[in-house]
Structures are given as structure tokens and as C-alpha cells.
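Structural features, examined
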Amino acid sequence: METQVHDVVVVGGGAAGLSAALVLGRARRRVAVVDAGAPRNAPAAHMQGFLSRDGMPPADLLAAGRAEVSGYGVELLEDQVVRIEVGFLVGLAGGRMLRARRILVATGVHDELPEIPGVRQRWGRDLLHCPYCHGWEVRDQRIGVLGTQPGSVVHAQLVRQWSDDVVFFVHTYDLTPAERVGLEARGIRIVSGEIARLVVEADRLTGVELIDGRVIARTAVFIRPGNLPHADGLLTGLGCEVDVAGFVTVDATGRTSTFGVWAAGKGKGHRIAREHDKEEAHEHDDGKPLKMHVCLSSVDDCGASLISILSIRPGETEFFSGSCANFRGQQKLSFFRPSAY
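Conventions adopted
Residues numbered from 1 in each chain as written. Predicted model: local features only at pLDDT ≥ 70, side-chain atom pairs only at ≥ 80, totals over all residues. Heavy atoms only, no water. Pairing = 2+ DSSP bridges. Helix = DSSP H or I, 4+ residues; strand = E, 2+ residues; numbered from the N terminus. Contact = heavy atoms within 4.5 Å. Axes fitted to C-alpha atoms, helices over the stretch in contact; angles between N-to-C directions. Disulfide = S-S within 2.5 Å. Buried < 20%, exposed > 50% of the residue type's maximum accessible area, 1.4 Å probe, protein only. Salt bridge = Lys/Arg side-chain N within 4 Å of Asp/Glu carboxyl O. Polar contact = N/O pair within 3.5 Å; in protein donor to acceptor, adjacent residues only side chain to side chain. Right-handed = clockwise from strand over helix to strand, strands pointing away.

A separate point is the sheet that holds strand S15 (residues 220-222). Sheet strands pair by backbone hydrogen bonding; their relative direction is either parallel or antiparallel. Pairing is parallel in the open sheet, where five strands are placed in the order S8-S15-S9-S10-S11. A strand with exactly one partner marks an edge of an open sheet, and here the two such strands are strand S8 (127-128) and strand S11 (189-191). Sheet topology note: the S8/S15 ladder contains two bridges and is parallel. Residue Leu127 lies in a different strand from S15, and its bridge partner there is Val221. Sheet strands in contact with helix H5 (residues 152-159) are strand S9 (143-146), strand S10 (166-169) and S15, and its direction is about 165° off that of S9.

Laid out in C-alpha cells, this is it:
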């Protein structure tokens, strides 16, 4: 057992986890980031639409992020968290145990893909999700959209912006008459019938084959996958409340229902669907409420007055918002707005 206690152990070293670690590290907190090395966007060769990093390989962004946080003394561990015990004892697959005052889980989500031959092999290559991320690269090509999840028709309408040749494959989707009219109005061809496989030749997508043998030539296909939380049981094992979809519920600052446990990134129930650039911009805020929380709890642990430590003068309370209970009593206190930083 380690004798040193980390202020925060961050579970997950993606954009959200590293952004939080950067803020906490700069606040001179003892932080460890544990990352299993399996990012969701690993199949993608490049990331687009992210200001100043357009076209950068996702792995390069993470490498740059790790270099930045390391400069502030953040400990980076290539390992997997297998359990978090009461009192925040963090067990790693490699056998090491960490002690933490607070936990930040930023493990993200995983994509639920249909069991169609070729789908997993082409995912992130020419079977794509976000048209804002990949539409430019396949502009004016023969594009298909698979009907699987609710919102698939809206997805097809979005994709139509990048090509005049778009086919909506109904597959197992329950297409309504109104949706059919909308697709036809935009010149999107509708192909009924279940899909048998994606046709690949010379390591390139060339078409979509239906179960009746028809092959519709396509060079790129979009799909709206389902997003599911990782079934690692870390948050539920700590007693954190989850929504009906299994995502942890948090307040506006990322705090879960369990004291001392926070969540960041796409694993949070209240920020599931966000545009890529907006998501990354907001991820920078994920560490700030936690930084303030750790600071305030440190003051309270010492038995000092939060009001005197923060040096709030009469008339300055309007710079604070939200309320929280003093950990020793029930005196109402406040956190800074994230935007005030």
C-alpha cells in the first residue's frame, strides 16, 4: 500500500481526463492519470474540425496532452483500474494500489455497432459516424447511410450536405411515411431490405450488399451508432446514480451522487451529444470545479473558516453561485462559476 495520497486519481487518459489533469496539476495538486490505452477514436487516422489541430492524428493529440500535464508533475500510469474500494483505494490491473482523496472518472463511452460483416473492420475508415468530422474527406462521393438507431434519417439529411449522391439503407429501421417524404424531397434515394455485408475490395469499401443479392455501389457509409457506458462497474460500484441508459448522473460541475466522485467527458449523462469542437472546449472546464472542491475540502479538513480563507469581503458574494453544504455542518457555502476562472 502506498503511503502517499493523491489529491485526485483520474481514471481515463483521453481528452477529458488529460484536460482535467492539466488544470489540477497547474493548481499544484498531486494527480495521477491511469489510462488503459484504448481510446474510442483509435480507428480514425485523423481528427478534423478541431481548431489548430485540424488533420492531426488522434494519437498525436494525446501524446501532446501527456507531455503538457507531465510538465506539472502529473503522474501518468499505463494501466487499467479494475476496482475502487471504499475510502478511494484504487486497484490497478498491474497490482499497484493508489490512495486518493477524490476520484475523477473519464472513461468515456463505447460505440454499439450492428452485427453486419465488415462493419467493425471498416469502422473509422470508410464506415463513418460524424459528417462534420469526416464529410469533407468524402465530399461528392457515393455515400450511404445505414438505418439502425433513432435519428438515422436526420443523419442522412445532414450527410446530404456533402454529396448529391446519398442512399438511405432502411435495413432494420422503421421508416415512417413522413420520413420517406422528407428523404425524397432532398433527393436521397431509399433502398429497402436488410444488409448482408459491406463489400470491400483492395482494402477499400466499394459497395453495400443486401440479403437479396443486390449490391449498391458506395465508397463511404455513415452510421449513427449507439453510445453505451463502459461496463466496468467502477461508478456503480461506488454507489453513483445512473440514468435509464446507464450513464452516471452528475450536476452542472460534474459531481456524481457519491461524495468525492466526479465524472468528465462523454460518460456523463447530461453531456452525451455534443459537437466535437464544443465538447473539447468544455472539457477544459472539467477540472476546475473539482479543483475548487479539493481546495475547499482541504480548508475544511484543517478546521479553518472558508470565508476567511477565501477573503470574501462584504458585497462580493455576487461573484459566487450555487450552494453546497459544509462537510462538517450544514452551513451553506458556494463554488465559483467555472466561467469566472
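Another aspect to go through is the state of the cysteines. Counted according to the given criterion, the structure contains zero disulfides. Note on Cys130: no disulfide assigned, nearest cysteine sulfur contributed by Cys133 at a separation of 3.2 Å. Residue classification places Cys133 among the buried residues on the basis of a relative accessible area of 16%.

Per the counting criterion, the structure on display carries 14 salt bridges. Residue Arg29 is joined to Asp7 by a salt bridge in which the shortest nitrogen-to-oxygen separation is 3.8 Å. With Arg29 in the loop between helix H1 (15-26) and strand S2 (31-35) and Asp7 in strand S1 (residues 5-11), the pair connects residues that are 22 residues apart, well separated along the chain. Note on Asp7: relative accessible area 11%, which makes it buried. Here Arg218 makes a salt bridge to Asp165, at a shortest N to O gap of 3.0 Å. Of this pair, Arg218 sits in the loop between strand S14 (215-217) and S15 while Asp165 is found in the loop between H5 and S10, placing the two residues 53 residues apart along the sequence. On the basis of relative accessibility, which here comes to 3%, the residue Arg218 falls in the buried class.

Strand order in this open sheet of three strands is S12-S13-S14, and the pairing throughout is antiparallel. Only two strands of the sheet have a single partner each, and these edge strands are strand S12 (195-201) and S14. Along the sheet, successive strands turn relative to each other by an average axial angle of 30°, direction set aside. Pairing of strand S13 (residues 204-210) with S14 involves three bridges; the strand directions are antiparallel. Opposite Val208, over in S14, you have Ile216 as the bridge partner.

Residue placement: Val153 occurs in helix H5. Classification of Val153 by relative accessible area gives buried; the value is 7%. Measuring from C-alpha to C-alpha, the distance between Val153 and Gly182 comes to 8.8 Å, with 29 residues separating the pair along the chain. With residues near it in sequence (within four places) discarded, Val153 still touches Phe168, Tyr173, Leu175, Glu179 and Leu183.

Time to look at the side chain of Glu209. Its location among the elements puts Glu209 in strand S13. Glu209 sits in the buried class, given a relative accessible area of 18%. At 2.6 Å, the side chain of Glu209 forms a polar contact with the side chain of Arg197. Non-local contacts of Glu209, meaning those with residues more than four positions away in its chain, are made with Ile195, Ala196, Arg197, Val199, Arg214 and Val215.

This part takes up the pairing of S9. On a regular strand, each side chain points to the face opposite its neighbour's, so the side chains alternate between the two faces of the sheet. Here S9 shows no split at all, with Ile143 and Val145 on one side and Gly144 and Leu146 on the other all buried. Bridge analysis of S9 against S10 gives four bridges, and the strand direction is parallel. Along S10, the bridge assignment pairs Gly144 with Val167. Crossover handedness for the path S9 to H5 to S10: right-handed.

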